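For reference, the chains in residue letters:
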Amino acid sequence: MEYRKLLDFVNYVVVAYNETLANMGLDIDLVLVQMARAFKEKAAHLIEEDFNLNIEGSDVKSIVESFIDRIKKTGICQRASIEEMSENKFVIKMGDSILHQANQIFLKDKPAGFIPPTPIVSMLHAYVEAGSGKKCSIENYEFIPAENSEKMTISVE
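Residues numbered from 1 in each chain as written. Predicted model: local features only at pLDDT ≥ 70, side-chain atom pairs only at ≥ 80, totals over all residues. Heavy atoms only, no water.

Some thoughts on the overall build of the chain
Just so we agree on the cut-off: Strands here are runs of E lasting at least two residues and helices are runs of H or I lasting at least four, both read from the DSSP assignment and numbered beginning at the N terminus. We compute the radius of gyration from the C-alpha atoms alone; for a globule the expected value is 2.2 Å times N to the 0.38, where N is the number of residues. Residue burial is assigned from relative accessible area. The probe radius is 1.4 Å, only protein chains are included, and a residue is buried under 20% of its type maximum, exposed over 50%, and partly exposed in between. Two residues form a contact once any of their heavy atoms are found within 4.5 Å. Under the convention used here, a 1.4 Å probe and the Shrake-Rupley method define accessible areas, while residue burial counts only the protein chains that appear. None of His or the chain ends enter the tally, which takes Lys and Arg as positive and Asp and Glu as negative. Note on charges: their place is set at NZ of Lys, CZ of Arg, CG of Asp or CD of Glu.
Each helix and strand in the chain was counted, giving 5 helices and 4 strands. For the chain, the α and β elements follow one another from N to C terminus as α-α-α-β-β-α-α-β-β. By the compact-globule yardstick of 15 Å for 157 residues, the chain fits well, its C-alpha radius of gyration being 15 Å. Projected onto its principal axes, the C-alpha positions of the chain cover 40 × 35 × 35 Å. A burial count over the chain gives 42% of its 157 residues as buried. Residue pairs in contact within the chain that sit at least 24 positions apart in sequence constitute 57% of those at least 6 positions apart. As displayed, the chain offers around 8400 Å² of accessible surface, 52% of which is attributable to carbon and sulfur atoms. In the chain, the 17 positive side-chain charges and the 24 negative ones have mean positions that sit 1 Å from each other.

Topic: the nonpolar core
Generally speaking, soluble globular proteins have nonpolar side chains that are buried together. The condition that has to hold: We call a set of buried Ala, Val, Leu, Ile, Met, Phe, Trp, Tyr and Cys residues a nonpolar core when their side-chain atoms join them within 4.5 Å.
Counting residues in each nonpolar core, the largest one holds 39 residues, and the members touching the most others are Ile71, Ile92 and Met94. When residues of this core are traced back to their parent elements, those giving at least two are helix H1 (3–23), helix H2 (28–51), helix H3 (60–74), strand S1 (77–85), strand S2 (89–97), helix H5 (119–132), strand S3 (136–144) and strand S4 (149–156). Ranked by the residues each element gives to this core, the list is headed by H5, at 7 residues. Once you skip the residues sitting within four places of it in the chain, Met94 turns out to touch Ile71, Cys77, Arg79, Ala80, Ile120, Val121, Asn148, Ser149, Glu150 and Met152.

Re the packing of H2 against H5
Note the threshold: Note on geometry: axes are C-alpha line fits, over the in-contact stretch for helices, and angles between N-to-C directions span 0 to 180 degrees. Any angle that is under 35 degrees is reported as roughly parallel, and any over 145 degrees as roughly antiparallel; angles of 65 to 115 degrees are reported as roughly perpendicular and all others as oblique. The residue classification treats Ala, Val, Leu, Ile, Met, Phe, Trp, Tyr, Cys and Pro as nonpolar and Asp, Glu, Lys and Arg as charged. All others, Gly included, are polar.
Between H2 and H5, whose axes approach to 8 Å, the crossing angle comes to 85 degrees. By the angle between their axes, H2 is roughly perpendicular relative to H5. On H5, the residues touching Leu32, Val33, Met35, Ala36, Phe39, Lys40, Ile47 and Glu48 of H2 are Pro119, Val121, Ser122, Met123, His125, Ala126, Tyr127, Glu129 and Ala130. Grouping the amino acids of the contact of H2 with H5 by side-chain chemistry returns 12 nonpolar, 2 polar and 3 charged.

Quick notes on the sheet that holds S4
Rules: For two strands to be treated as a pair, DSSP must find no fewer than two bridges joining them.
Across the sheet, 4 strands lie side by side as S1-S2-S4-S3; this open sheet has antiparallel pairing. Two strands lie at the open edges of the sheet, namely S1 and S3, each paired on one side alone. The mean angle between the axes of side-by-side strands here comes to 20 degrees, regardless of whether they run parallel or antiparallel. Two elements, S3 and S4, share 8 bridges in a ladder whose sense is antiparallel. Residue pairing in the sheet places Tyr141 in a bridge with Met152 of S4. Along the sheet, H3 makes contact with S1, S2 and S4, crossing S1 at roughly 160 degrees. The strands touched by H5 within the sheet are S1, S2, S3 and S4, with S2 carrying the most contacts at an inclination of about 140 degrees.

Some thoughts on empty space enclosed by the protein
Note the threshold: With a 1 Å grid spanning the protein atoms alone, the term cavity applies to any set of points in which a 1.4 Å probe fits but cannot get out, the term pocket to an open set with protein on both sides within 12 Å along at least five of seven lines, and the term lining residue to any residue with an atom within 4 Å of a point. Grid points are joined across faces, edges and corners, and a volume is the space filled by probe spheres set on the points.
Evaluation of the coordinates by the stated rule reveals 1 cavity of 30 Å³ or more. Empty space within the largest cavity amounts to approximately 40 Å³. Along the walls of the largest cavity sit Met94, Ser97, Leu99, His100, Asn103, Thr118, Pro119, Ile120 and Glu150, which together make up its complete lining. Counting residues per element, the ones that place at least two in the lining of the largest cavity are S2, helix H4 (100–106) and H5. Its residues placed into classes, the lining of the largest cavity shows 4 nonpolar, 4 polar and 1 charged.

Purely geometric numbers; function is a separate question.
This is the structure:
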């Protein structure tokens, strides 16, 4: 299967799972936490080996910086940056992510301000929780069409 078709297929599968969870009425924060747990327990070692996604750090700032650096180097996101960082909140921007298409399809019929359960943020959440003991929650999600980017405000507690 060619790369583009494989990427489309993965995005459609992610949409189907997210739609299923949303249709069941599950809270997006709960989905984010459960995806993070599943990632940490079932998939982290595979992704770390296959994608060389070795995230370092023992505090939120260093973990987020390491994560942003690694997702760019691995190609998970073509562009990623930290827009803001404080003790209890950070803002990240990701562009041309391998799962970007899934979020856009998922958001198609959702109300303004809806926050999608983003798998890449769940991965980040797993690393933040494992490294610092803190939990993440997406406060705000914004799609920036002109940049094909997503900007997320994430709280940490």
